[in-house]
Amino acid sequence: MSQAKLTVESLSLSYSRGDPPALRDVTLDIEENSLMAFIGPSGCGKSTFLRCLNRMNDFVRGVEITGRVLLDGRDVYAPDVDVTSLRRRVGMVFQRPNPFPFSIRENVAYGPKLLGERDRGRLGEIVERSLRNSGLWEEVKDRLDAQASSLSGGQQQRLCIARAIAVEPEVLLMDEPTSALDPMATARIEELARELKKIYTVVIVTHNMQQAARVSDHTAFFLMGELVEHGPTTKIFTTPQDKRTEDYITGRFG
Amino acid sequence: MERYRDMEMDELFSKLFELASLTQRALSDSVWALSHHDKALARKVKDGDDAIDELALTIDTESFQIIARYQPVAMDLRSLEACIRIALDLERISDLAVSVAKTTIGLDVRIKPLLGLAPMGEKVTEMLDTVMKSLLERDSAMAESVFPMDDEVDSLEDMVFKELLEVVTETRGVIQGADRLLMVARFLERAGDHVTNISEQICYMLTGRRVKASDFRRPLPGADDK
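Residues numbered from 1 in each chain as written. Chains lettered and ligands numbered in written order. Predicted model: local features only at pLDDT ≥ 70, side-chain atom pairs only at ≥ 80, totals over all residues. Heavy atoms only, no water.

*Asks:* Explanation requested: the sheet that holds strand S7 (residues 171-175) of chain A in the structure shown.
*Replies:* Within a sheet, adjacent strands bond to each other through the backbone by hydrogen bonds, running parallel or antiparallel. Residues and elements named next belong to chain A. The sheet built from six strands is open, its strands ordered S6-S7-S8-S3-S9-S10 with mixed pairing. Strands at the two margins of the open sheet, each flanked by one partner only, are strand S6 (90-93) and strand S10 (226-232). Adjacent strand axes in the sheet meet at a mean angle of 15°, parallel and antiparallel pairs treated alike. In the packing of helix H6 (residues 153-165) onto the sheet, the strands contacted are S6 and S7, and the crossing angle to S6 comes to about 170°. (Pairing = 2+ DSSP bridges. Helix = DSSP H or I, 4+ residues; strand = E, 2+ residues; numbered from the N terminus. Axes fitted to C-alpha atoms, helices over the stretch in contact; angles between N-to-C directions. Contact = heavy atoms within 4.5 Å.)

Have a look at this one:
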């Protein structure tokens, strides 16, 4: 087993005081340079859990989080942690492609510029490398100044991936990145996710169990805020240990 | 995702080819050891069986993992079914090779060389070679070409039986050795049947058509005289 990039210890979360917790006492290691998938029915807490990993839940009013999330051994919830630099290290791609209303080039260069990169040559290199790594370069290299909105849905999602990796994160979180895409575009993103894990640690939330089975090294199954079972994907999908996992992946509920 | 699935399938099939080559080696070594009273080689065949069993199990496990992960259909699904079943047949053939090897280890009497036994072993080895080549080249006609070869194996078995009867009638005291050799002929005949199973499986995988070895039986020269 390689080293854990992220270690989550006894993480619990309630959206407001008195409500049943959305996450209960979740403990999980995420290996470096691996691809982990979170599966489970709607409302099981998998997206909430993903968003805890780069503190996206901080925005939610009244949220209460206990436990620890360690990135390379350091607690991301420690008071001295700069959330902006945390999110640079732990990037995110969302369910619906959300390109900014700029050109393709500007979308990718946005993050590096924000971080102070002004050199046009270096920005050009970053744009090319990011678009190559997101598998979009060949399709857009001749029209980098076209509006991002002119791209197809699948291309827009790959652009968002390029934008996320332009700031060279260490972890890439993907929250149902293909749920708005057709099967061909989905296949491209899945292939891409498997390429990306060679460089980054990738965590993907998916409604689609088959997607988890196809792409991931490890799978974690959530149910009603609880992490029911996690382990190597081949094991979860051939010999799950918990009856609830078995019932879910065989389509008996959820 | 296609690329990853294809890569995993390719790796799986290279393991299957490795299993086939180990099995083929075990089979030909076991027959050579018997013909040449080479107990050391026979022991080597026997000792090598664990590795073969382990590889067959790995192939089985990985095939199921691919099914669970990718939900293959059509040719992909038939390929995995073929892989699982072929691995099973190969593993059985290697068990039969071990049985031949054990016979050599336990055989103390020397019986005059039997004309049919070595050719039987060679023929089965050739059949195995042909089916695996047909799988490699995705050639169902080549796979079907082993069916008549199995008929030859069967008639060689008859020949060995007759030879042994003569030996037993001529020489008293060799019944114990002769019955063992008769078993060897049966082991080899069984091995041939497993190869035809493999061939049927390859035909189904490549064409989606179920063929049976019995559909390809062709009368051997002289068979009409019986």
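*Asks:* What am I meant to see in the environment of leucine 88 of chain B here?
*Replies:* By secondary structure assignment, the location of leucine 88 of chain B is in helix H4 (residues 74-106). In this structure, the C-alpha to C-alpha distance between leucine 88 of chain B and histidine 194 of chain B, residues 106 residues apart in sequence, is 9.2 Å.

*Asks:* In this structure, what is going on with the interface of chain A and chain B? I would like to understand it.
*Replies:* Reports often express the size of an interface as the amount of accessible area lost when the parts come together. Contact residues are listed per partner, giving 15 residues for chain A and 11 residues for chain B. For the chain A and chain B pair, buried surface summed over both sides reaches about 1200 Å², with 50% attributable to carbon and sulfur atoms. Among the residues of chain A in contact with chain B, Glu191, Arg194 and Thr234 of chain A are the three that bury the most area, contributing 45% of the side total. Measuring nitrogen to oxygen at the nearest pair gives 3.2 Å for the salt bridge that ties glutamate 8 of chain B to arginine 194 of chain A. At the boundary of chain A with chain B, the tally comes to six residue pairs in polar contact (both at pLDDT 80 or more). Contributing elements (two or more residues each) for the side of chain A that touches chain B: helix H7 (183-196), helix H8 (209-215) and helix H9 (233-238) of chain A. The greatest single-element share of the side of chain A that touches chain B, amounting to five residues, is contributed by H7 of chain A. Partitioning the side of chain A that touches chain B into residue classes produces four nonpolar, five polar and six charged. (Buried area = accessible area lost by both parts, 1.4 Å probe. Salt bridge = Lys/Arg side-chain N within 4 Å of Asp/Glu carboxyl O. Polar contact = N/O pair within 3.5 Å; in protein donor to acceptor, adjacent residues only side chain to side chain. Nonpolar A, V, L, I, M, F, W, Y, C, P; charged D, E, K, R; others polar.)

*Asks:* Would you explain the nonpolar core in this entry?
*Replies:* Among the nonpolar cores identified, the biggest contains 66 residues, and Leu16 and Leu117 of chain B are the most heavily contacted of them. Contributing elements (two or more residues each) for this core: helix H1 (2-35), helix H2 (39-47), helix H3 (49-70), H4, helix H5 (117-136), helix H7 (146-170) and helix H8 (175-207) of chain B. Of the residues forming this core, the biggest block, 13 residues, is contributed by H8 of chain B. Within the second largest apolar cluster, 32 residues are counted, among which are Ala22, Cys52, Leu53 and Val90 of chain A. (Core = buried A, V, L, I, M, F, W, Y, C linked by side-chain atoms within 4.5 Å. Buried < 20%, exposed > 50% of the residue type's maximum accessible area, 1.4 Å probe, protein only.)

*Asks:* When you look at unusual backbone geometry in this model, what are you seeing that I'm missing?
*Replies:* Note on backbone geometry: most residues besides glycine have negative phi, and most peptide bonds are trans. Residues and elements named next belong to chain A. Non-glycine residue serine 10 carries a positive phi angle of around 45°. Along the chain, the position of serine 10 falls in strand S1 (residues 4-14). Even without being glycine, aspartate 25 reaches a positive phi, approximately 50°. Positionally, aspartate 25 belongs in strand S2 (residues 23-31). Look at aspartate 25 and you get exposed, because its relative accessible area is 52%.

*Asks:* Could you clarify how one ought to interpret the environment of leucine 123 of chain A in this entry?
*Replies:* Residue and element names in this part refer to chain A. Within the secondary structure, leucine 123 sits in helix H4 (residues 120-133). The buried category is assigned to leucine 123, whose relative accessible area is 9%. C-alpha of leucine 123 to C-alpha of lysine 141: the two residues are 18 residues apart in sequence and 15 Å apart in space.

*Asks:* I keep staring at the packing of H5 of chain B against H8 of chain B and nothing clicks. Help me out?
*Replies:* The description of two helices packed together rests on the angle between their axes and the distance between the axes. All names here are of chain B. In contact at an axis separation of 10 Å, H5 and H8 are set at 15° when each is read in the N-to-C sense. Here H8 runs roughly parallel to H5, going by the angle between their axes. The element H5 and its partner H8 pack so that their crossing is left-handed. Residues of the contact of H5 with H8, tallied by class, amount to 17 nonpolar, five polar and one charged. (Parallel < 35°, antiparallel > 145°, perpendicular 65-115°, else oblique. Left-handed = near helix turned anticlockwise from the far one by under 90°.)

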